[in-house]
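# Working through the structure, step by step
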Amino acid sequence: MKSGGNIPLDFYVYYNPKTHLFKLAAIISVCFIIMILPFLVENTDIGSLSILAVFFLGFCFWGIITAKRITDRRPQVIVDINGIYVRDWHVGTVGWENIDFIAHSSSVRRGIISMLTRSRRGPYLVFKFSNPPKAKSALPFPLSFIVEIWADMEMQEPALMEYGLDTKATDVLVVIQNHIDYWQKNHEERTDNSTTIMPS
(Lines give C-alpha, C1' and ligand atoms only; values in the text may rest on other atoms or scores of the structure.)
Protein backbone atom coordinates (compact mmCIF):
# COMPACT_ATOMS: atom_id res chain seq x y z
CA MET A 1 0.00 0.00 0.00
CA LYS A 2 1.39 3.39 -1.01
CA SER A 3 -0.02 6.17 1.07
CA GLY A 4 0.52 9.89 1.22
CA GLY A 5 0.35 12.38 4.04
CA ASN A 6 1.07 11.15 7.54
CA ILE A 7 -0.27 7.63 6.99
CA PRO A 8 2.56 5.17 7.78
CA LEU A 9 3.49 2.80 4.98
CA ASP A 10 3.11 -0.96 5.16
CA PHE A 11 6.23 -2.70 6.46
CA TYR A 12 7.41 -6.18 5.49
CA VAL A 13 9.93 -8.48 7.17
CA TYR A 14 11.38 -11.53 5.42
CA TYR A 15 13.65 -14.45 6.26
CA ASN A 16 17.38 -13.73 6.16
CA PRO A 17 18.75 -16.31 3.66
CA LYS A 18 22.35 -15.98 4.91
CA THR A 19 21.38 -16.79 8.48
CA HIS A 20 19.50 -19.91 7.46
CA LEU A 21 22.29 -20.92 5.05
CA PHE A 22 24.81 -20.92 7.93
CA LYS A 23 22.28 -22.80 10.05
CA LEU A 24 21.82 -25.40 7.32
CA ALA A 25 25.60 -25.85 7.04
CA ALA A 26 25.77 -26.52 10.79
CA ILE A 27 22.92 -29.04 10.59
CA ILE A 28 24.59 -30.88 7.69
CA SER A 29 27.83 -31.00 9.69
CA VAL A 30 26.02 -32.60 12.62
CA CYS A 31 24.35 -35.13 10.30
CA PHE A 32 27.76 -36.03 8.85
CA ILE A 33 29.20 -36.57 12.34
CA ILE A 34 26.26 -38.80 13.29
CA MET A 35 26.77 -40.85 10.10
CA ILE A 36 30.46 -41.52 10.73
CA LEU A 37 30.14 -41.99 14.48
CA PRO A 38 29.34 -45.76 14.31
CA PHE A 39 32.53 -46.33 12.30
CA LEU A 40 34.63 -44.65 14.98
CA VAL A 41 33.43 -47.00 17.73
CA GLU A 42 34.56 -50.61 17.94
CA ASN A 43 31.38 -52.10 19.39
CA THR A 44 28.02 -50.61 18.40
CA ASP A 45 24.81 -52.31 19.50
CA ILE A 46 21.35 -52.01 17.97
CA GLY A 47 20.16 -49.70 20.75
CA SER A 48 22.90 -47.16 20.11
CA LEU A 49 22.32 -47.28 16.37
CA SER A 50 18.59 -46.72 16.91
CA ILE A 51 19.25 -43.64 19.02
CA LEU A 52 21.66 -42.27 16.41
CA ALA A 53 19.08 -42.96 13.69
CA VAL A 54 16.44 -40.99 15.59
CA PHE A 55 18.82 -38.05 16.00
CA PHE A 56 19.83 -38.29 12.34
CA LEU A 57 16.22 -38.22 11.13
CA GLY A 58 15.45 -35.34 13.47
CA PHE A 59 18.32 -33.25 12.14
CA CYS A 60 17.40 -34.16 8.56
CA PHE A 61 13.85 -32.91 9.14
CA TRP A 62 15.24 -29.73 10.71
CA GLY A 63 17.54 -29.32 7.70
CA ILE A 64 14.64 -29.61 5.25
CA ILE A 65 12.71 -26.88 7.09
CA THR A 66 15.81 -24.66 7.17
CA ALA A 67 16.51 -25.22 3.47
CA LYS A 68 12.95 -24.18 2.60
CA ARG A 69 13.39 -20.96 4.55
CA ILE A 70 16.43 -20.03 2.44
CA THR A 71 14.25 -19.72 -0.67
CA ASP A 72 11.03 -18.62 1.07
CA ARG A 73 10.35 -15.01 0.01
CA ARG A 74 6.94 -14.70 1.64
CA PRO A 75 6.61 -11.91 4.23
CA GLN A 76 7.02 -13.34 7.72
CA VAL A 77 5.85 -10.15 9.40
CA ILE A 78 3.54 -7.46 8.00
CA VAL A 79 2.85 -4.22 9.84
CA ASP A 80 0.08 -2.03 8.38
CA ILE A 81 -2.75 0.25 9.44
CA ASN A 82 -4.90 -2.77 10.36
CA GLY A 83 -2.44 -4.36 12.77
CA ILE A 84 0.44 -6.83 12.77
CA TYR A 85 0.66 -10.17 11.00
CA VAL A 86 3.23 -12.73 12.17
CA ARG A 87 3.24 -15.92 10.10
CA ASP A 88 4.49 -18.11 12.96
CA TRP A 89 1.51 -17.14 15.12
CA HIS A 90 -1.04 -18.72 12.74
CA VAL A 91 -3.74 -16.26 13.84
CA GLY A 92 -3.89 -13.87 10.89
CA THR A 93 -3.63 -10.11 11.42
CA VAL A 94 -3.94 -8.94 15.04
CA GLY A 95 -5.64 -5.52 15.15
CA TRP A 96 -4.05 -2.61 16.99
CA GLU A 97 -7.11 -2.40 19.24
CA ASN A 98 -6.30 -5.90 20.51
CA ILE A 99 -2.72 -5.10 21.60
CA ASP A 100 -2.30 -3.92 25.19
CA PHE A 101 1.43 -4.18 25.66
CA ILE A 102 4.64 -4.54 23.62
CA ALA A 103 8.13 -4.84 25.09
CA HIS A 104 11.64 -5.42 23.78
CA SER A 105 13.45 -8.39 25.31
CA SER A 106 16.07 -6.06 26.81
CA SER A 107 13.39 -4.62 29.10
CA VAL A 108 11.65 -7.90 29.97
CA ARG A 109 12.31 -9.79 33.19
CA ARG A 110 11.27 -13.40 32.78
CA GLY A 111 10.43 -15.80 35.58
CA ILE A 112 12.20 -19.13 36.03
CA ILE A 113 9.18 -21.13 34.85
CA SER A 114 8.82 -18.97 31.74
CA MET A 115 12.50 -19.37 30.90
CA LEU A 116 12.30 -23.15 31.30
CA THR A 117 9.08 -23.68 29.33
CA ARG A 118 9.76 -21.23 26.50
CA SER A 119 13.13 -20.86 24.84
CA ARG A 120 13.60 -17.26 23.73
CA ARG A 121 16.71 -16.39 21.75
CA GLY A 122 16.99 -12.62 21.93
CA PRO A 123 16.48 -10.04 20.76
CA TYR A 124 12.71 -10.34 20.46
CA LEU A 125 9.46 -8.48 21.05
CA VAL A 126 6.86 -9.68 23.56
CA PHE A 127 3.16 -8.89 23.07
CA LYS A 128 0.14 -8.95 25.34
CA PHE A 129 -3.33 -9.10 23.79
CA SER A 130 -6.58 -7.97 25.36
CA ASN A 131 -8.34 -10.84 23.58
CA PRO A 132 -5.89 -13.60 22.57
CA PRO A 133 -6.78 -14.80 19.06
CA LYS A 134 -7.31 -18.48 18.29
CA ALA A 135 -4.74 -20.19 16.08
CA LYS A 136 -5.86 -21.74 12.80
CA SER A 137 -3.76 -23.77 10.40
CA ALA A 138 -4.32 -24.39 6.69
CA LEU A 139 -2.45 -27.71 6.88
CA PRO A 140 -4.38 -30.98 6.60
CA PHE A 141 -5.33 -32.96 9.70
CA PRO A 142 -3.55 -34.15 11.87
CA LEU A 143 -0.76 -31.63 11.13
CA SER A 144 -3.25 -28.76 11.49
CA PHE A 145 -4.23 -29.99 14.96
CA ILE A 146 -0.59 -30.18 16.08
CA VAL A 147 0.19 -26.71 14.71
CA GLU A 148 -2.90 -25.18 16.34
CA ILE A 149 -2.13 -26.71 19.74
CA TRP A 150 1.49 -25.54 19.56
CA ALA A 151 0.48 -22.06 18.37
CA ASP A 152 -2.13 -21.69 21.12
CA MET A 153 0.54 -22.52 23.70
CA GLU A 154 2.90 -19.96 22.19
CA MET A 155 0.13 -17.32 22.16
CA GLN A 156 0.10 -17.43 25.95
CA GLU A 157 3.32 -15.41 25.66
CA PRO A 158 3.41 -14.29 21.99
CA ALA A 159 6.82 -13.17 20.82
CA LEU A 160 8.36 -11.95 17.58
CA MET A 161 11.86 -13.38 17.34
CA GLU A 162 14.55 -11.42 15.50
CA TYR A 163 16.73 -14.47 14.78
CA GLY A 164 16.41 -15.63 11.18
CA LEU A 165 14.72 -12.44 9.97
CA ASP A 166 16.21 -9.67 7.84
CA THR A 167 15.14 -6.84 10.18
CA LYS A 168 16.16 -6.02 13.75
CA ALA A 169 13.54 -6.18 16.49
CA THR A 170 14.27 -2.55 17.42
CA ASP A 171 13.47 -1.43 13.85
CA VAL A 172 10.21 -3.38 13.86
CA LEU A 173 9.33 -1.80 17.20
CA VAL A 174 9.82 1.70 15.76
CA VAL A 175 7.51 0.91 12.85
CA ILE A 176 4.90 -0.54 15.22
CA GLN A 177 5.11 2.60 17.35
CA ASN A 178 4.43 4.79 14.30
CA HIS A 179 1.43 2.70 13.26
CA ILE A 180 -0.02 2.61 16.77
CA ASP A 181 0.43 6.39 17.13
CA TYR A 182 -1.43 6.90 13.86
CA TRP A 183 -4.15 4.43 14.82
CA GLN A 184 -4.70 6.04 18.22
CA LYS A 185 -4.95 9.53 16.70
CA ASN A 186 -7.76 8.26 14.49
CA HIS A 187 -9.53 6.33 17.27
CA GLU A 188 -9.94 8.78 20.12
CA GLU A 189 -12.15 6.39 22.06
CA ARG A 190 -9.04 4.27 22.62
CA THR A 191 -7.02 7.00 24.38
CA ASP A 192 -8.02 5.84 27.87
CA ASN A 193 -6.69 2.34 27.13
CA SER A 194 -3.70 2.99 24.90
CA THR A 195 -1.04 0.42 24.05
CA THR A 196 2.01 0.38 26.29
CA ILE A 197 5.31 0.06 24.43
CA MET A 198 8.53 -0.63 26.30
CA PRO A 199 11.55 0.47 24.23
CA SER A 200 14.84 -1.40 24.05
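Look up a bit, the structure's there.
Values in this document were obtained by computation on a predicted structure and should not be read as measured data.

## Focus: the sheet that holds strand 6 (residues 124-129)
One open sheet accounts for four strands, arranged 7-6-5-8; its pairing is mixed. Each edge of the open sheet is held by one strand with a lone partner, namely strand 7 (159-161) and strand 8 (196-198). Neighbour-to-neighbour, the strand axes of the sheet open up by a mean angle of 15°, direction not taken into account. Bridge count between strand 6 and strand 7: three bridges; the pairing is antiparallel. Looking at the pairing, leucine 125 lines up with leucine 160 of strand 7.

## Focus on the pairing of strand 6
Regular strands place side chains that alternate from one sheet face to the opposite one. Burial analysis of strand 6 places five of its six residues in the buried class, which makes it a mostly covered element. Bridge count between strand 5 (residues 99-104) and strand 6: five bridges; the pairing is antiparallel. Across the sheet, the residue bridging to phenylalanine 101 is lysine 128, located in strand 6.

## Comments concerning helix 5 (residues 169-185)
Over its 17 residues, helix 5 extends 24 Å from the first C-alpha to the last, a length consistent with the 24 Å expected when each residue adds 1.5 Å. Residues of helix 5 that are buried: Ala169, Val172, Leu173, Val175, Ile176, His179, Ile180, Trp183 and Gln184. Across the axial projection of helix 5, the buried residues extend over an arc of 165°, all falling on one side.

## With respect to the nonpolar core
Ranked by size, the top nonpolar core spans 28 residues in total, and within it Ile84, Trp89, Phe127, Leu160 and Ile176 carry the most contacts. Within the residue set of this core, elements represented by two or more residues are strand 2 (77-80), strand 3 (83-86), strand 5, strand 6 and helix 5. The greatest single-element share of this core, amounting to seven residues, is contributed by helix 5. Look past the residues within four positions of leucine 160 in its chain and what remains in contact with it is Val77, Ile84, Val86, Trp89, Tyr124, Leu125, Phe127, Leu165 and Val172.

## Re the packing of aromatic side chains
How two aromatic rings sit relative to each other is given by the distance of their centres and the angle of their planes. Counting across every chain of the model gives four aromatic pairs. With 5.8 Å between their ring centres and 35° between their planes, phenylalanine 59 and tryptophan 62 make a pair best called tilted. You can see phenylalanine 59 and its partner tryptophan 62 sitting in helix 2 (residues 46-71), three residues apart, about one turn around the helix. A relative accessible area of 21% means that phenylalanine 59 is categorised as partly exposed. With relative accessibility at 39%, the residue tryptophan 62 sits in the partly exposed group. The interplanar angle of 35° and the centroid separation of 6.3 Å between the aromatic rings of phenylalanine 127 and phenylalanine 129 together place this pair among those described as tilted. Taken as a pair, phenylalanine 127 and phenylalanine 129 share a single burial class, namely buried. Among the aromatic residues, ring-to-ring pairing joins Trp89, Phe127 and Phe129 into one connected group.

Conventions and cut-offs
- Residues numbered from 1 in each chain as written.
- Predicted model: local features only at pLDDT ≥ 70, side-chain atom pairs only at ≥ 80, totals over all residues.
- Heavy atoms only, no water.
- Pairing = 2+ DSSP bridges.
- Helix = DSSP H or I, 4+ residues; strand = E, 2+ residues; numbered from the N terminus.
- Axes fitted to C-alpha atoms, helices over the stretch in contact; angles between N-to-C directions.
- Buried < 20%, exposed > 50% of the residue type's maximum accessible area, 1.4 Å probe, protein only.
- Expected span 1.5 Å × (residues − 1).
- Arc of directions from axis to C-beta.
- Core = buried A, V, L, I, M, F, W, Y, C linked by side-chain atoms within 4.5 Å.
- Contact = heavy atoms within 4.5 Å.
- Phe/Tyr/Trp six-rings, centres within 6.5 Å; stacked < 30°, edge-to-face > 60°.

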